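Each chain is listed here by its residues.
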Amino acid sequence: MKIQVAGENALILYFAQSVSDEVSQNIQDMTMALQTFVGDLLIDLVPSYASLMVIFNPLRCDHLKVRQLIRQASTKRVNDQACVKGSVITLPAYYGLEAAPDLQDLAKNAGLSIRQVIEIHTAMEYRVYAIGFAPGFAYLGEVDARIAAPRLATPRKKVPKGAVAIADRQTAVYPAQSPGGWNLIGLCPQDMFNPNAKPSMPVQVGDKVKFESISRDEFLSLGGQLSGQVNEPLIEMKQTGDACAT
Amino acid sequence: MQLEILSPGILSLIQDAGRFGQHGIGLTSGGPMDPVAFKWANRLLNNDQHATAIETTVGGIKLKSHGTTRVAITGANVSVKINGQICKQWQSLNLALGDVLELGYATSGCRIYLAVSGGFKLQKQFCSNSTVVREGVGGLNGSALAAGDKLDCHALISQNDPHQLLAEKFQPTYGDAVTLRVIPGYQQAHFSALEQNRFFQSEFKVSELCDRMGYRLSGPTVACDIDGILSEGICLGAIQVPKDGQPIILMNDRQTIGGYPKLGSVLSLDLARLAQLTSGGRVRFEAITIDDAHNLLALAQHKSEQTQTEEKV
């Protein structure tokens, strides 16, 4: 593990150069060990793929004290094997083409049928490596190399809420409508972030996520919404058309 | 007792110290862009210095008081009028039932703080009242203040206590240039000595793209020998350098994680001054160690505690 200064009140711990379940577990363990100091000496923790950023209160302690806490936390982890294991969460996903504008292209480029892409995507248990970008946006990995797909050359201005997406070997569900450049292969009817619910999001770093293919009817009965998905690109095209109409 | 927003001006947001301990679910910290001016607004009213107040950018906010209270306005220089009568910033002001408080537009600086006696009473979301519009969290309903919004505040028991003011010599002044002290770190090693030299010796300008999320600068190109990294935590003030070589300073509403290389981070005391600049503002950088940073923060804290408001005579 390498410790690097990030800012006046932050150190960043690099656990490895690449992503793996073991690295992710180590980060998760360290996050939990340091969690007890949050609210006092520490202000916040940001676990990610292969790093953990530790934000501290520079008026309560300096970076040397924080380095000491980190060292203590690493020894504690060795002694304490009873770390909490993440739970497995199943997310329903509707893979119908009306909900999946990039599914056909992704299948074609991968030399697979649409059914095969769905089978591969739903076969795997994905690990939640990081949460960020937007509240509730969970970076899940790693996607089977056969269905990995690069980001779109031009990101969409609007990706609908609930979009199930793939970028390289990562997959995710967009918690809210936002811009985005990932390949959209389905829609998940479950809220990924609801500020008024407790907990506010169904997954946390270290959990495992599995997708389950559902029908259009099931999707709608679970509260999923299709209105707008089909019309949206048309509206956008019209707007672009108007703007370009000279 | 309520204050009613008659006009929100350019952008008015409810802010407290910020949202902490919530990065794990992807929530950013928010909070006042200029915490120095924010704390003074509260201190002038004998509030907790982190009490919930309004941050208004550039100006133009207009409010009506539905009761008696006290307010204080700090930050960017702006005209303050109560029922059309000119009043001063950096001091407590009485508002009576029906009074209309109106701010003009900033002549220097751009973030203005409006605090009310006892702070605004709002339901916290994720342990904070700070509004982050992008996340739809905080404030009244996750959005910026709008005309017709009514903000609950504490009824003032006595308006007869002496008024507080901050002597002019202690009031910050806002120019059009800042030197930002930088704690090098993160991917610093991936910027060659030549590139770092260019970064620390050149002047940059605040571009049109500057908001509560980040300040994009324009100036000489700073190259990094890597294009990207595995996405990792971004702290307040982090200096991100995307492939186009134009640095972006990440501010209060920054994304929590990201994958662009970073050179280090700006000292928070200087970020407060950067936050008062608008596009065209001039920026230079100066490297300091993390130990220097801690000394500067402790000194600033000490000075702030030693500086007292005065009773108005």
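Residues numbered from 1 in each chain as written. Chains lettered and ligands numbered in written order. Predicted model: local features only at pLDDT ≥ 70, side-chain atom pairs only at ≥ 80, totals over all residues. Heavy atoms only, no water.

Participant: Looking at this structure, how should I read the overall build of chain A?
Facilitator: Counting secondary structure elements, chain A contains six helices and 13 strands. In chain A, the proportion of contacts linking residues at least 24 apart, taken out of those at least 6 apart, comes to 61%. When the accessible area of chain A is evaluated, it comes to approximately 11,800 Å², of which 51% is carbon and sulfur surface. (Helix = DSSP H or I, 4+ residues; strand = E, 2+ residues; numbered from the N terminus. Contact = heavy atoms within 4.5 Å. Areas by Shrake-Rupley, 256 points an atom, 1.4 Å probe, with all protein chains shown as cover.)

Participant: Would you mind going over helix 4 (residues 114–123) of chain A with me for this structure?
Facilitator: Count 3.6 residues to each turn of an α-helix, and residues three or four apart come out pointing the same way. Of all the residues in helix 4 of chain A, the buried ones are Val117, Ile118, Ile120, His121 and Thr122 of chain A. Summarising the contacts, the buried residues of helix 4 of chain A are in contact with helix 3 (103–110), strand 6 (125–131), strand 9 (163–167), strand 10 (170–173), strand 12 (183–187) and strand 13 (208–214) of chain A. (Buried < 20%, exposed > 50% of the residue type's maximum accessible area, 1.4 Å probe, protein only.)

Participant: Please clarify how the domain arrangement of chain B should be interpreted in this entry.
Facilitator: Residue and element names in this part refer to chain B. Segmenting chain B into domains produces domain 1 (2–170) and domain 2 (177–305). Computed over C-alpha atoms, the centres of domain 1 and domain 2 are 28 Å apart. At the interface, 24 residues of domain 1 touch 18 residues of domain 2. Here domain 1 packs against domain 2, burying approximately 1,600 Å² in sum over the two surfaces, 44% of which is carbon and sulfur. Among the residues domain 1 hides against domain 2, the three largest losses belong to Met33, Arg111 and Arg134. Together they make up 34% of the total. Of the charged contacts, one joins Arg212 and Glu55 as a salt bridge, the two residues approaching to 2.7 Å between their closest N and O atoms. Where domain 1 meets domain 2, there are 16 residue pairs in polar contact (both at pLDDT 80 or more). Of all the secondary-structure elements, those providing two or more residues to the side of domain 1 that touches domain 2 are strand 2 (11–15), helix 1 (35–43), strand 5 (69–77) and strand 10 (108–116). Of the residues belonging to the side of domain 1 that touches domain 2, the class tally is nine nonpolar, 10 polar and five charged. (Domains from an automatic or database assignment. Buried area = accessible area lost by both parts, 1.4 Å probe. Salt bridge = Lys/Arg side-chain N within 4 Å of Asp/Glu carboxyl O. Polar contact = N/O pair within 3.5 Å; in protein donor to acceptor, adjacent residues only side chain to side chain. Nonpolar A, V, L, I, M, F, W, Y, C, P; charged D, E, K, R; others polar.)

Participant: I would appreciate a short explanation of the interface of chain A and chain B in the present structure.
Facilitator: Buried accessible area, meaning the area lost when the parts come together, often serves as the stated size of an interface. Taken together, the contacts link 40 residues of chain A with 37 residues of chain B. Of the roughly 2,900 Å² buried between chain A and chain B on both sides combined, carbon and sulfur atoms contribute 64%. Linking chain A to chain B there are zero salt bridges. For the pair chain A and chain B, the interface holds 13 residue pairs in polar contact (both at pLDDT 80 or more). Breaking the side of chain A that touches chain B down by element, the ones donating at least two residues are strand 1 (2–7), strand 2 (10–14), strand 3 (42–47), strand 4 (51–56) and strand 6 of chain A. The class makeup of the residues in the side of chain A that touches chain B is 26 nonpolar, 11 polar and three charged.

Participant: What exactly am I supposed to notice about the sheet that holds strand 14 (residues 204–210) of chain B here?
Facilitator: Hydrogen bonds along the backbone pair up the strands of a sheet, which may run parallel or antiparallel. Residue and element names in this part refer to chain B. Spatially, 13-20-17-18-15-14-21 is the arrangement adopted by the seven strands of the closed barrel, whose pairing is mixed. On average, adjacent strands in this sheet sit at an angle of 40° to one another, irrespective of strand direction. Of the strand pairs in this sheet, strand 17 (residues 238–240) and strand 20 (residues 262–266) are connected by two bridges, and their pairing is antiparallel. Residue pairing in the sheet places Gln240 in a bridge with Lys262 of strand 20. (Pairing = 2+ DSSP bridges. Axes fitted to C-alpha atoms, helices over the stretch in contact; angles between N-to-C directions.)

Participant: What is the right way to look at the pairing of strand 1 of chain A in this model?
Facilitator: When a strand is regular, its side chains alternate between the sheet's two faces. Residues and elements named next belong to chain A. As paired elements, strand 1 and strand 2 share five bridges and run antiparallel to each other. Bridging across to strand 2, Gly7 finds its partner in Ala10. Between strand 1 and strand 2, which follow one another and run antiparallel, lie two residues.

Participant: Is there a simple way to think about the packing of aromatic side chains in this case?
Facilitator: Going through the model one piece at a time under the given rule, you end up with 15 aromatic pairs over all chains. Measuring from ring centre to ring centre gives 5.7 Å for Tyr49 of chain A and Tyr139 of chain A, while their planes differ by 70°; the resulting arrangement is edge-to-face. Pair noted here: Tyr49 of chain A is in the loop between strand 3 and strand 4 and Tyr139 of chain A is in strand 7 (residues 138–141), with a separation of 90 residues, a long-range link. With respect to class, Tyr49 of chain A is no different from Tyr139 of chain A; both count as buried. Seen in terms of ring centroids, Phe204 of chain B and Phe285 of chain B are 5.7 Å apart; in terms of plane orientation they differ by 70°. Their pairing is edge-to-face. Note that Phe204 of chain B is positioned in strand 14 and Phe285 of chain B in strand 21 (residues 282–287), a separation of 81 residues in sequence. You can call Phe204 of chain B buried: its relative accessible area is 0%. Sitting over the face of the ring of Tyr186 of chain B, Lys262 of chain B holds its NZ or CZ atom 4.4 Å from the ring centroid. (Phe/Tyr/Trp six-rings, centres within 6.5 Å; stacked < 30°, edge-to-face > 60°. Lys NZ or Arg CZ within 6 Å of the ring centre and 35° of its normal.)

Participant: What is the right way to look at the pattern of salt bridges in this model?
Facilitator: Pairs may arise between side chains of opposite charge once their charged atoms sit close together. Residues and elements named next belong to chain B. One pass over the structure, following the stated rule, counts 16 salt bridges over all chains. Taking the shortest distance from any N to any O, the salt bridge between Glu203 and Arg282 comes out at 3.8 Å. Of the two residues, Glu203 sits in the loop between helix 2 (193–201) and strand 14 while Arg282 sits in strand 21, which places them 79 residues apart along the sequence. One salt bridge connects Arg216 with Asp244, and the closest N-O pair in it is separated by 3.3 Å. Within this pair, whereas Arg216 is found in strand 15 (residues 214–218), its partner Asp244 is found in the loop between strand 17 and strand 18 (248–250), the two being separated by 28 residues in sequence.

Participant: Help me understand the packing of helix 3 of chain A against helix 4 of chain A, please; the structure alone is not making it clear to me.
Facilitator: Axes are the key here: two packed helices are described by the angle between their axes and the distance separating the axes. Residues and elements named next belong to chain A. Here helix 3 crosses helix 4 at 95°, and the two axes come no closer than 9 Å. Compared by their axis directions, helix 3 and helix 4 come out roughly perpendicular. Note on element contacts: helix 4 touches helix 3 through Ile114, Val117 and Ile118, opposite Leu103, Gln104, Leu106 and Ala107. Counted by class, the contact of helix 3 with helix 4 contains six nonpolar, one polar and no charged residues. (Parallel < 35°, antiparallel > 145°, perpendicular 65-115°, else oblique.)

Participant: Whenever I open this one, the nonpolar core confuses me. Can you help?
Facilitator: One recurring pattern in soluble globular proteins: nonpolar side chains tend to sit buried together. Ranked by internal contacts, the top residues of the largest apolar core, which has 39 residues, are Ile249, Leu274, Val283 and Phe285 of chain B. It is helix 1 of chain B that provides the largest number of residues to this core, a total of four residues. For this core, the domains that each give at least three residues are domain 1 (2–170) and domain 2 (177–305) of chain B. For Phe285 of chain B, the contacting residues outside a window of four places in its chain are Leu180, Val182, Phe199, Phe200, Phe204, Leu217, Ile239, Ile249 and Val266 of chain B. With 36 residues, the next largest nonpolar core counts Leu140, Val143, Ile166 and Val203 of chain A among its residues. (Core = buried A, V, L, I, M, F, W, Y, C linked by side-chain atoms within 4.5 Å.)

Participant: Honestly, unusual backbone geometry in this entry has me stumped. Any pointers?
Facilitator: Most peptide bonds take the trans configuration, and most residues that are not glycine carry a negative phi. Gly141 of chain A connects to Glu142 of chain A through a cis peptide bond whose omega is -10°. Relative to the elements of secondary structure, Glu142 of chain A occurs in the loop between strand 7 and strand 8 (156–159). Pro199 of chain A follows Lys198 of chain A through a cis peptide bond whose omega is -5°. Positive phi outside glycine occurs at Asp168 of chain A, with the angle close to 50°. Here Asp168 of chain A is to be found in the loop between strand 9 and strand 10. Even without being glycine, Asn83 of chain B reaches a positive phi, approximately 50°. Its location among the elements puts Asn83 of chain B in the loop between strand 6 (80–82) and strand 7 (85–87).

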